[in-house]
Amino acid sequence: MKDELQTEVSRRRTFAIISHPDAGKTTLTEKLLLFGGAIREAGSVKGRKAKKHAASDWMDLEKQRGISVTSSVLEFTYRGYHVNILDTPGHQDFSEDTYRTLAAADSAVMLIDCAKGVEPQTIKLFEVCAKRGIPVFTFINKMDRHGKDPFDLLEEIESVLGMRSHPMNWPVGIGSEFCGIYNRHRSRLERFDRQKDARQLDVEGPDDPLIREEVGDLLADQLSEEIALLDIAGDPYDFEKIRNGELTPVFFGSAVTNFGVEAFLEDFLGLAPSPSPRESDQGLIQPEQPDFSGFVFKIQANMNPAHRDRVAFLRICSGKFERGMNVRHVRTGKNLKLAQPQQFMARDRSIVEEAYTGDIVGLFDPGQFRVGDTLCEKGSFQFEPLPKFPPEHFAKITNKNAMRYKQYQKGLEQLVEEGAIQKYRTFLSGPEEIIIGAVGELQFEVFDHRMKSEYGVDLIFERLPFRFARWVKGAVENPARLQQGRRTLCVKDDEEQLLVLFDSEFFMEHFIQQNRELTFAKQSD
Ligand code: G4P
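Computed from a predicted structure; not experimentally measured. (Residues numbered from 1 in each chain as written. Predicted model: local features only at pLDDT ≥ 70, side-chain atom pairs only at ≥ 80, totals over all residues.)

Enquirer: Give a description of the overall build of the protein chain that names residues and reports values.
Expert: Along the backbone of the protein chain there are 14 helices and 31 strands. Expressed as a percentage of contacts within the protein chain between residues at least 6 apart in sequence, the contacts between residues at least 24 apart total 70%. (Helix = DSSP H or I, 4+ residues; strand = E, 2+ residues; numbered from the N terminus. Contact = placed C-beta atoms within 7 Å.)

Enquirer: Just give me the short version of the sheet that holds strand β10 (residues 199–202), but keep the residues and values in it.
Expert: The four strands lie next to each other as β7-β8-β9-β10, forming an open sheet whose pairing is antiparallel. Of all strands in the sheet, those with a lone pairing partner are β7 (169–172) and β10, marking the two edges. The sheet shows a mean angle of 25° between the axes of neighbouring strands, taken without regard to direction. Pairing of strand β9 (residues 188–191) with β10, which is carried by four bridges, proceeds in the antiparallel orientation. Each residue of the ladder has a partner; that of R188, found in β10, is D202. (Pairing = 2+ DSSP bridges. Axes fitted to C-alpha atoms, helices over the stretch in contact; angles between N-to-C directions.)

Enquirer: Now, about the site of the ligand: what can you tell me, with residues and values included?
Expert: G24, K25, T26, T27 and V256 are the nearest of the 16 residues found near the ligand. Looking at the shell around the ligand element by element, the count peaks at three residues for helix α2 (residues 25–35). Broken down by class, the residue content of the shell around the ligand amounts to four nonpolar, six polar and six charged. (Near = placed C-beta within 6 Å. Nonpolar A, V, L, I, M, F, W, Y, C, P; charged D, E, K, R; others polar.)

Enquirer: Could you give an account of the pairing of strand β8 (residues 180–183), with specific residues and numbers?
Expert: By the alternation rule, side chains of β8 split into G180 and Y182 and I181 and N183, which are all buried. Across four bridges, the pairing between β7 and β8 is antiparallel. Bridge pairing in β8 places P171 opposite I181. Pairing between β8 and β9: four bridges, direction antiparallel. By the bridge assignment, N183 is partnered in β9 with R188. (Buried ≥ 20, exposed ≤ 12 C-beta atoms within 10 Å, placed from the backbone.)

Enquirer: Break down the nonpolar core for me, citing the residues and quoting the values.
Expert: A108 and L314 are the most contacted members of the largest nonpolar core, which has 129 residues in total. Once you skip the residues sitting within four places of it in the chain, L314 turns out to touch G294, F295, V296, I360, V361, L363 and L375. (Core = buried A, V, L, I, M, F, W, Y, C linked by C-beta atoms within 7 Å.)

Enquirer: Please set out the pairing of strand β28 (residues 468–473) residue by residue, giving values where relevant.
Expert: Of the pairings in the sheet, the one linking β28 to strand β30 (residues 498–502) comprises five bridges and is antiparallel in character. Bridged to A469 within β30 is L501. As paired strands, β28 and strand β31 (residues 519–521) are joined by three bridges and run antiparallel to one another. Looking at β31, one finds that W471 is bridged to A521.

Enquirer: Help me get a handle on helix α12 (residues 405–418), residues and values and all.
Expert: An ideal rise of 1.5 Å per residue puts 20 Å on 14 residues; α12 measures up with 20 Å between its terminal C-alpha atoms. Listing the buried residues of α12 in full gives Y408, G411, L412, L415 and E418. Looking straight down α12, one finds its buried side chains confined to an arc of 140°; they lie on one side. When the buried face of α12 is taken as reference, the exposed residues oriented beyond 90 degrees from it are Y405, K406 and E413. Looking at the buried positions of α12, the neighbouring elements they touch are β14 (293–301), β24 (393–399), β25 (422–426) and α13 (441–455). Positioned one or two residues after α12, G419 has a phi angle of 95°, which is positive. (Expected span 1.5 Å × (residues − 1). Arc of directions from axis to C-beta.)

Enquirer: I'd like a description of the domain arrangement of the protein chain, backed by residues and values.
Expert: According to the domain assignment, the protein chain contains domain 1 (2–169 + 250–271), domain 2 (278–376) and domain 3 (393–521). Counting from both sides, the interface comprises four residues of domain 2 and, opposite them, four residues of domain 3. In terms of residue class, the side of domain 2 that touches domain 3 is made up of three nonpolar, no polar and one charged. (Domains from an automatic or database assignment.)

Enquirer: Lay out unusual backbone geometry with the relevant residues and their values.
Expert: Negative phi is the rule for most residues except glycine; trans is the rule for most peptide bonds. Here the phi dihedral of K142 falls at roughly 70°; this positive angle occurs in a residue that is not glycine. With respect to the element layout, K142 can be found in the loop between β5 (136–141) and α7 (150–161). K142 gets classed as buried once you count the C-beta atoms within 10 Å, which come to 25. Non-glycine residue E496 carries a positive phi angle of around 65°. Its place among the elements puts E496 in the loop between β29 (488–493) and β30.

Enquirer: Kindly report on the packing of α12 against α13, identifying the contributing residues and their values.
Expert: Two numbers describe how α12 lies on α13: the axes approach to 10 Å, and their chain directions differ by 130°. Relative to α13, the element α12 is oriented oblique. Where α12 crosses over α13, the handedness of that crossing is right-handed. Between α12 and α13, the contacting residues are Q407, K410, G411 and L415 on the first element and F447, R450, M451, E454 and Y455 on the second. Among the residues forming the contact of α12 with α13, the class breakdown is four nonpolar, two polar and three charged. (Parallel < 35°, antiparallel > 145°, perpendicular 65-115°, else oblique. Left-handed = near helix turned anticlockwise from the far one by under 90°.)

Enquirer: Can you lay out the environment of F251 for me, pointing to particular residues and giving the numbers?
Expert: Examined against the element boundaries, F251 turns out to sit in strand β11 (residues 247–252). Overall, the presence of 24 C-beta atoms within 10 Å leaves F251 in the buried class. Discounting residues that sit within four places of it in the chain, F251 has contacts with T138, F139, M168, N169, G260 and F264.

Enquirer: Could you give an account of the sheet that holds β5, naming the residues involved and the relevant values?
Expert: One open sheet holds the seven strands; their spatial order is β2-β3-β1-β4-β5-β11-β6, and the pairing between them is mixed. The open sheet terminates on both sides in strands that have one partner only, identified here as β2 (73–78) and β6 (164–167). Across the sheet, the mean angle from the axis of one strand to that of its neighbour is 30°, orientation sign disregarded. Sheet topology places strand β4 (residues 107–113) next to β5; six bridges connect them, and they run parallel. Counted as the bridge partner of A108 is V136 from β5.

What follows is the structure in structure tokens.
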């Protein structure tokens, strides 16, 4: 059993792809799944058209699709590796779940459009990875199209994200001149041809005459110079730094033409970590520990319109999961039988019989789970709580019908506990008001819809102009001084932590400068 578990853990790779909408995440995911044999044809991952619908269509879309793209956990095996890709919803589906998913990943693939460089959503997601110290692997996509200079892209990764990089391969020509990538570590030219399939040519080095023959003098000279420059001035390959999340290996390629994708997959799987130990209130929990444990990182409501059920997504952190097993639900102290676990592959649901550390299982949830809950087979420990992430949308809510006060309270409490929305209250002056915060606009819609359909409560929403929030760490004397006219709002969350909401980033930066004795954080503890 111990050996079996060790083998299973060491072959697991659980990662998320972080990117800005349109960088090519769907396309890349699809190609990865094709290599893994998990799908047979392109276009089967999720309806591209579907995700481009307006947010208001979301509920209907959910129903049509049965399972949302937001909940996809895709798994496949490739050359002995068991791969789990956690989908991080973007577009209008961007929500706190997108961040939380990163808590369940052991590494991340950062996908960048070569023409656009490092974009806002990528920055946000990268920051969460950096805070967790998980390794980030960069794939620079769309090399078949005109884009920024590769050196400028590396410079951007460093200046915008503060991350050193090491190119594992290097493009030969860009845009219309793009004719391949030179693999620095395998001394190989991967030849790109718009008309034919890609070819792999083993070479002696960047100066090999074979490269000259293939790409011509001009590009061969350029490649030779650029590789020499990288060798002298670039960051050297350093496995330890990659594993510690201090250096990102960079791969160039083109997902849509399937160019450079398989080489990336091979190198990535070799370099990416298997599941690592996880912090708990009783110390580190080792992935090879035989007793099963895991935590809930996301709850998805209304996945099956016929049953109006919820699914709690659990990341396994140790041991082996077996269907029907009995576990302890640590927060409530109850024992549960996990009889109906489901795993997800694109649109289909299938029942999981067994799973190991690093895998994700979806548990049928009649309302008993909250984001951050720990389940364990033996003992009683709690994994580190999931932080709350910076909301960007705020609204004041009031219950329309005073007769339904109890339902209002219950719905609000349950949906907040579940992690669907963040709730704050004003406390400085006047009657207490309830403010809700969300990372993505869609969370408000889902919240409103669920309050109506599940609790029969109609809400009045008053949108607030704030766009940024920072948690103020430590004790604050006289918090009233943090309330500056209409530009800020001081509120408290359910853990009594103080937050300041701001209407502009400029003002927020100014405010932070003015209050340097205080610590402002983007995430709650
Ligand atoms: P996303 O999930 O990150 O939002 O991106 P998605 O894969 O949907 O890709 C966004 C657009 O970029 C798509 O074009 C896709 O075909 C294109 N794309 C992805 N990878 C590459 C690449 O390597 N090179 C080039 N040139 N284009 C790429 P679209 O026109 O929006 O959609 P579609 O009509 O092709 O489906």
